[in-house]
Amino acid sequence: MFLSAEDFSTVVRSTPLISIDLIVENQAGEFLLGQRTQRPAQKFWFVPGGRVQKDETLERAFARLTEAELGTAFTLADGDFYGVWQHFYDDNFSGADFSTHYIVLGFHLRVDAEKLHLPDAQHSAYRWLTQEALLSAQNVHDNSRAYFLDEKRAEAPGL
């Protein structure tokens, strides 16, 4: 469902957004990060992902987001559920006049990196890093770094 910028601003200002983040691992045990071109987290290195749209099943959202973010559609069954996360940003897609709040469903996805067709719509560059390199790299956003720190996982009883 497409929302006008005005309607989407009302949603972002008023409610948390539900999203899927992809912790993408290649055959060498490295993880994919893209340098974001848009707010929030603009210019930071971040894992791929995006919002779940209204009336969209998680299965459909996963296929749409993997195709949009990785250039190849994967099924929800291709990923392993990684946990529930909370992301808070001081800015939003349109500027800094209100914050953004996400409830994120993380999914770990093992891929053959050669079969990906990484697009440039959301990221200006990509890189693959080991967990150790990712945790020590500058400009990796804390919300992406958190996927590799157990103490940052949101409390989600029963998941």
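Per an unreviewed UniProt entry, the chain is named GDP-mannose mannosyl hydrolase, and its organism is Buttiauxella gaviniae. Checking UniProt for the chain, the heading Cofactor (unreviewed entry) contains the comment "Mg(2+)".

### Focus on the side chain of T66
If you trace the backbone, T66 turns up in helix α2 (residues 58–70). A relative accessible area of 0% places T66 in the buried class. Within polar-contact distance, the side chain of T66 engages the backbone nitrogen of F74 at 2.8 Å. When sequence neighbours within four positions are dropped, the list of residues in contact with T66 reads L22, G71, T72, A73, F74 and L109.

### Overview of the pairing of strand β6 (residues 100–110)
Counted residue by residue, β6 has eight buried out of eleven residues, so it is predominantly covered. Strand direction decides the pairing type here: strand β1 (residues 17–25) and β6, joined by nine bridges, are parallel. Along β6, the bridge assignment pairs I23 with H108. Two elements, strand β5 (residues 80–89) and β6, share nine bridges in a ladder whose sense is antiparallel. In the sheet register, H87 faces β6, and the bridge partner there is Y102.

### Section: the nonpolar core
In a soluble, globular protein the nonpolar side chains are often hidden away together inside. Judged by nonpolar contacts, the single largest core of 20 residues is most densely connected at L33, L134, V140, Y147 and F148. At the level of elements, β1, β2 (31–36), β3 (45–46), β5 and β6 are the ones that each hand at least two residues to this core. If you look at the next biggest cluster of nonpolar residues, it comprises 16 residues, including V52, A61, V84 and F107.

### Things to note about α2
For α2, with 13 residues, the first-to-last C-alpha span of 17 Å sits near the 18 Å given by 1.5 Å per residue. When we look at burial in α2, the residues that qualify are A61, F62, A63, L65, T66, E69 and L70. Two residues or fewer after α2 comes G71, characterised by a positive phi angle close to 80 degrees.

The rules behind these values
- Residues numbered from 1 in each chain as written.
- Predicted model: local features only at pLDDT ≥ 70, side-chain atom pairs only at ≥ 80, totals over all residues.
- Heavy atoms only, no water.
- UniProt positions renumbered as here; feature names shortened; annotations may be inferred.
- Helix = DSSP H or I, 4+ residues; strand = E, 2+ residues; numbered from the N terminus.
- Buried < 20%, exposed > 50% of the residue type's maximum accessible area, 1.4 Å probe, protein only.
- Polar contact = N/O pair within 3.5 Å; in protein donor to acceptor, adjacent residues only side chain to side chain.
- Contact = heavy atoms within 4.5 Å.
- Pairing = 2+ DSSP bridges.
- Core = buried A, V, L, I, M, F, W, Y, C linked by side-chain atoms within 4.5 Å.
- Expected span 1.5 Å × (residues − 1).

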